[in-house]
Amino acid sequence: MSDMVYVFHASALSAMAITSYSDLKQNLIKAEVAKLNEDVIIKAKQLISEMDDEQFSSFIAEYVSSSEKEFGIVKEELKLLGVELEGDNNSIKTDSIHPRDVDFSVYTFKRSGQSQRYIQALLEFNKKPYYPGTYDLLSVEWDSSMASYWASTCSGEIDKHDSSKRNQGIVIFYVMDRFIKSGDYVYATVQVIGEDTGWLDYSSRYAHTFATTDVERSHATEFSYTPNELPSIKYSFKLNLRSDEDSWYIDRDNSVKI
């Protein structure tokens, strides 16, 4: 019965029902895009082409995180809408003795026909973080010989922390996990411009800190830049922890042909 309702919702969508950015986020993500009328597809593609960088990043993050479809289906649907999504989305769940559950993915996307590409790191929190330490850190890293930095954006509960090495292929963001609830997702996006043709390596590191005493903290996190384990990417980072906190890291990497 639920499948019948789902198909009806998709087929019932019309260009009149999708007239704004909010309509796209509310209606399109739940629809079966391949079954939509051509006028709906044309209208959706127009709205996507008119989005600014922040709206485009937010739309893709919500499409990937909120859709119950497999990543391959999401990729094909976005292709119909004029968006090229690349990545395997083999999200990693954290494994720790502490009660937490975070899914972590990194992928790229771009509008069809445009050279500017977006690298997005996505965190999905299935449980509220317990005893947060200093702010978590999330990086977006890439091969700066293949693509140069253009711009960056992020969601709420994230703030750009350090972009001093953006021309060397890394931007670091704060993740203010003490404000995050179960079911929330956050993202950081870096927009790059291809400098050469070939394969662009990119990666992301998420570093979570937690207090070893029953006191929540919200202090600035200290870190140091370190060489990236991937030879094509110059930098990653490591935390400089306080004596009363601990941490774990997750790393994700991928590549895309540009």
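Everything in this summary refers to the structure shown in the same document. (Residues numbered from 1 in each chain as written. Predicted model: local features only at pLDDT ≥ 70, side-chain atom pairs only at ≥ 80, totals over all residues. Heavy atoms only, no water.)

## Considering the overall build of the chain
A tally of regular secondary structure across the chain gives five helices and 13 strands. Residue burial in the chain is summarised as follows: out of 258 residues, 51% are buried. Taking contacts inside the chain between residues at least 6 apart in sequence as the whole, the part at least 24 apart equals 72%. (Helix = DSSP H or I, 4+ residues; strand = E, 2+ residues; numbered from the N terminus. Buried < 20%, exposed > 50% of the residue type's maximum accessible area, 1.4 Å probe, protein only. Contact = heavy atoms within 4.5 Å.)

## A word on the environment of Ser67
Relative to the assigned elements, Ser67 resides in the loop between α4 (53-66) and α5 (71-80). For the pair formed by Ser67 and Lys30, sequence separation is 37 residues and the distance between their alpha carbons is 6.8 Å. When near neighbours in sequence (up to four residues on either side) are disregarded, Ser67 contacts Ile29, Glu62 and Val74.

## Focus: the layout of surface pockets
Roughly 210 Å³ of volume is contained in the largest pocket. Ile29, Lys30, Ser66, Ser67 and Glu68 are the residues nearest the centre of the largest pocket, which is lined by 10 residues in total. Residue assignment for the lining of the largest pocket shows that the elements contributing at least two residues are α2 (21-28) and α4. Taken together, the residues that form the lining of the largest pocket break down as two nonpolar, three polar and five charged. (1 Å grid on protein atoms, 1.4 Å probe; cavity = no way out; pocket = protein on both sides within 12 Å on 5 of 7 lines; lining within 4 Å. Points joined across faces, edges and corners; volume = space filled by probe spheres on them. Nonpolar A, V, L, I, M, F, W, Y, C, P; charged D, E, K, R; others polar.)

## Quick notes on the sheet that holds strand β8 (residues 170-175)
The strand order β7-β8-β5-β10-β13 describes an open sheet built from five strands, whose pairing is antiparallel. Whereas interior strands pair on both sides, the edge strands pair on one side only; in this sheet they are β7 (158-162) and β13 (245-257). Neighbour-to-neighbour, the strand axes of the sheet open up by a mean angle of 20°, direction not taken into account. As judged from the four bridges shared by strand β5 (residues 136-142) and strand β10 (residues 199-211), these two strands associate in the antiparallel manner. Following the sheet pairing, Leu137 is matched in β10 by Ala207. (Pairing = 2+ DSSP bridges. Axes fitted to C-alpha atoms, helices over the stretch in contact; angles between N-to-C directions.)

## Some thoughts on the side chain of Lys69
Mapping Lys69 onto the fold places it in the loop between α4 and α5. Side-chain polar atoms of Lys69 contact the side chain of Glu77, separated by 2.9 Å. (Polar contact = N/O pair within 3.5 Å; in protein donor to acceptor, adjacent residues only side chain to side chain.)

## Here's the deal with the packing of aromatic side chains
Inspection of the entire model under this criterion finds 13 aromatic pairs. Note on Phe237 and Tyr249: the rings are 6.5 Å apart at their centroids and 50° apart in plane angle, and the pair reads as tilted. Of the two residues, Phe237 is situated in strand β12 (residues 235-240) and Tyr249 in strand β13; the sequence distance between them amounts to 12 residues. Owing to a relative accessible area of 0%, Phe237 belongs among the buried residues under this scheme. Look at Tyr249 and you get partly exposed, because its relative accessible area is 33%. Among the aromatic residues, those joined into a ring-pair cluster are Phe223, Tyr225, Tyr235, Phe237 and Tyr249. For Lys165, the ring lying beneath its charged end belongs to Tyr235, and the centroid distance is 4.8 Å. For the cation-ring pair, Arg205 lies above Phe237, with the distance from its terminal atom to the ring centre recorded as 5.9 Å. (Phe/Tyr/Trp six-rings, centres within 6.5 Å; stacked < 30°, edge-to-face > 60°. Lys NZ or Arg CZ within 6 Å of the ring centre and 35° of its normal.)

## Digging into the pairing of β10
Burial analysis of β10 places 11 of its 13 residues in the buried class, which makes it a mostly covered element. Bridge count for β10 against β13 is 13 bridges, and the pairing is antiparallel. Within the sheet, the bridge partner assigned to Thr209 lies in β13 and is Ser247.

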